[in-house]
Amino acid sequence: MCKKVVSTFSYSWKKKNALTSAQRELNLPPHKLITESPTRWGVLEQEKAITQSCHLLPTWQDIDVLEAITKALKPLQDFTDALSGEEYVSVSYVKPVLHLLNTNILKPEEDKAGLCEDIKKRVLDYLNEKYKDPATDELLTMATFLDPRFKTTYMSPEKLEEVRSRVATETKALEEKTATDASSTEDQSERETSTAPVQLKKPKHSLGSFFKKCSSAPPKQQGIDMELDGYLLMVTADSDSDPLEWWRLQCSHFPRISRLAKKYLCIPATSSPSKRAFSTGGNIVTSSRASLKPENVDRLVFLAKNLNV
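Residues numbered from 1 in each chain as written. Predicted model: local features only at pLDDT ≥ 70, side-chain atom pairs only at ≥ 80, totals over all residues. Heavy atoms only, no water.

1. A word on the overall build of the chain
What the chain contains, in helices and strands, is 14 helices and zero strands. When the helices and strands of the chain are read in sequence order from the N terminus, they spell out α-α-α-α-α-α-α-α-α-α-α-α-α-α. In the chain, buried positions account for 29% of the 309 residues. Restricting to contacts in the chain with at least 6 residues of sequence separation, those with at least 24 account for 67%. Split by element, the accessible area of the chain, about 21400 Å² in all, is 56% carbon and sulfur. (Helix = DSSP H or I, 4+ residues; strand = E, 2+ residues; numbered from the N terminus. Buried < 20%, exposed > 50% of the residue type's maximum accessible area, 1.4 Å probe, protein only. Contact = heavy atoms within 4.5 Å. Areas by Shrake-Rupley, 256 points an atom, 1.4 Å probe, with all protein chains shown as cover.)

2. A closer look at a nonpolar patch on the surface
Taken together, the side chains of Phe 302, Leu 303 and Leu 307 present a nonpolar region at the surface, about 310 Å² in accessible area. Summarising the element assignment, Leu 303 is placed in helix α14 (residues 294-306). (Patch = residues over 30% accessible without salt bridge, like charges linked within 9 Å, V, L, I, M, F, W, Y side chains within 5 Å. Salt bridge = Lys/Arg side-chain N within 4 Å of Asp/Glu carboxyl O.)

3. Observations regarding helix α2 (residues 13-25)
The end-to-end C-alpha distance of α2 is 18 Å, a good match for the 18 Å that 13 residues give at a rise of 1.5 Å each. Along α2, the positions that sit buried rather than exposed are Leu 19, Ala 22 and Gln 23. Buried positions in α2, seen along its axis, are confined to an arc of 100° and lie on one side of it. Exposed residues on α2 whose side chains face more than 90 degrees from its buried face are Trp 13, Lys 14, Arg 24 and Glu 25. One or two residues past the end of α2 sits Asn 27, with phi positive at roughly 55°. (Expected span 1.5 Å × (residues − 1). Arc of directions from axis to C-beta.)

4. A short note on the environment of Arg 248
Checked against the element boundaries, Arg 248 lands in helix α11 (residues 243-249). Spatially, the C-alpha atom of Arg 248 lies 7.9 Å from that of Ser 258, the residues being 10 residues apart in sequence. Separated by 2.7 Å, the side chains of Arg 248 and Glu 245 make a polar contact. (Polar contact = N/O pair within 3.5 Å; in protein donor to acceptor, adjacent residues only side chain to side chain.)

5. Quick word on the nonpolar core
In this structure, Phe 145, Leu 146, Val 167, Leu 228 and Trp 247 are the most contacted members of the largest nonpolar core, which totals 20 residues. Top element by residues in this core is helix α12 (residues 255-265). It accounts for five residues. If we ignore the near neighbours within four places in the chain, the residues touching Val 167 are Met 142, Phe 145, Leu 228 and Leu 260. Counting 19 residues, the second largest nonpolar core, distinct from the first, contains Ile 69, Ala 72, Leu 106 and Ala 269. (Core = buried A, V, L, I, M, F, W, Y, C linked by side-chain atoms within 4.5 Å.)

6. Notes on the packing of helix α1 (residues 2-10) against α2
Close contact between α1 and α2 brings their axes to 6 Å; oriented N to C, the two are set at 105°. Here α1 is positioned roughly perpendicular relative to α2, judged by the angle of their axes. Residue-level inspection shows Thr 8, Phe 9 and Ser 10 of α1 in contact with α2, the latter providing Lys 15, Lys 16 and Leu 19. (Axes fitted to C-alpha atoms, helices over the stretch in contact; angles between N-to-C directions. Parallel < 35°, antiparallel > 145°, perpendicular 65-115°, else oblique.)

7. Considerations on the packing of aromatic side chains
All told, the structure shown has nine aromatic pairs when counted by the stated rule. Considering the side-chain rings of Phe 150 and Tyr 154, the 6.0 Å spacing of their centres and the 70° angle between planes classify their relative orientation as edge-to-face. Residue Tyr 154 is classed as partly exposed on the basis of its relative accessible area of 32%. Residues Trp 246 and Phe 254 carry aromatic rings whose centres are separated by 6.4 Å and whose planes lie at 10° to one another, so their mutual orientation is stacked. For Phe 254, a relative accessible area of 5% puts it in the buried group. Taken together, the aromatic side chains of Phe 145, Tyr 231, Trp 246, Trp 247 and Phe 254 make up a single cluster linked through ring pairs. We note Lys 151 situated over the ring of Tyr 231; from NZ or CZ to the ring centre the distance is 4.9 Å. (Phe/Tyr/Trp six-rings, centres within 6.5 Å; stacked < 30°, edge-to-face > 60°. Lys NZ or Arg CZ within 6 Å of the ring centre and 35° of its normal.)

8. With respect to the packing of helix α13 (residues 272-284) against α14
For the pair α13 and α14, the least separation of the axes is 10 Å and the interaxial angle reads 120°. As judged from the angle between their axes, α13 and α14 are oblique. The element α13 and its partner α14 pack so that their crossing is right-handed. Residues Arg 276, Ala 277, Thr 280, Gly 281 and Ile 284 of α13 lie in contact with α14, whose contacting residues are Leu 300, Val 301, Ala 304 and Lys 305. (Left-handed = near helix turned anticlockwise from the far one by under 90°.)

9. As for α13
With 13 residues, α13 should cover 18 Å at 1.5 Å per step; its first-to-last C-alpha distance of 18 Å lies within 8% of that length. Elements in contact with the buried residues of α13: α14.

10. Looking at the pattern of salt bridges
Applying the stated criterion to the full structure yields 16 salt bridges. The salt bridge partner of Glu 86 is Lys 305, with a shortest N-O separation of 3.7 Å. Here Glu 86, found in the loop between α4 (60-83) and α5 (94-105), pairs with Lys 305, found in helix α14; they are 219 residues apart in sequence, far enough to count as distant. For Lys 305, a relative accessible area of 34% translates into the label partly exposed. Residue Asp 137 is joined to Lys 95 by a salt bridge in which the shortest nitrogen-to-oxygen separation is 2.6 Å. In this pair, Asp 137 sits in helix α7 (residues 134-145) while Lys 95 sits in helix α5, placing the two residues 42 residues apart along the sequence. On the accessibility criterion, Lys 95 (19% relative accessible area) is buried. Three or more residues joined by partner-sharing salt bridges are found here, namely Glu 138, Arg 166, Glu 170 and Lys 263.

Set out below in structure tokens:
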């Protein structure tokens, strides 16, 4: 029914003018009706204007169905829009959002039945099944733990020790990899400068160097455990704060864990950012620019996504 209504206004300029006049008369937003799409709806908002300017009148049953669908799916649209952003951390929000949907927004009401409650139940079943995969659940748990706004809020107490152990193991591995990469870079730099004349200078010793020899740094594993304890004891960050900015400010206190946090918190929560990148590429490589070299396309996409013009 919605598809037929939209197509009626799409192919007739008289109907479009009638709809515009009805919107103005009824003080409705001057929105165009959205062509058939699985993720968007536009008929219910303009119901009165459509009734006034079209022979295809939605019945009360149609309106009931549209209202039930809108009531069930509107919160999902808001959360999907928020999770699809790419200019802020989003992956650590997935677990909290799932918890909120299960316990509040989409929780079926026992004393109610009908299409709306059925849609809510089906959506919850789908989402819970989708994120039940152990690898996905592990990734989301790590991201939520490393977000100073949430930490262990959405984690069962019996799972905390397992997550701590995983964080410690990955932090240690990341530190060793960073040290190896730095060592190889330093060796390469030494080889490049080995042919240059070197002037040997007698090293100067400061007073601090004598005490440095006496003091012993804590073992690597002990240092990671101390950072984890300190991180969990800190006050949870405000929900509107930027976790990456928080880690930047606390980097000197948690140098090891902050590297792991950056690794996880840069992951987008949805595939929308990558789809936008593909759309940008499609807008660049058109029929009139089909001979662009791949490396030039890469540069143009990079510039389009990173230049604020």
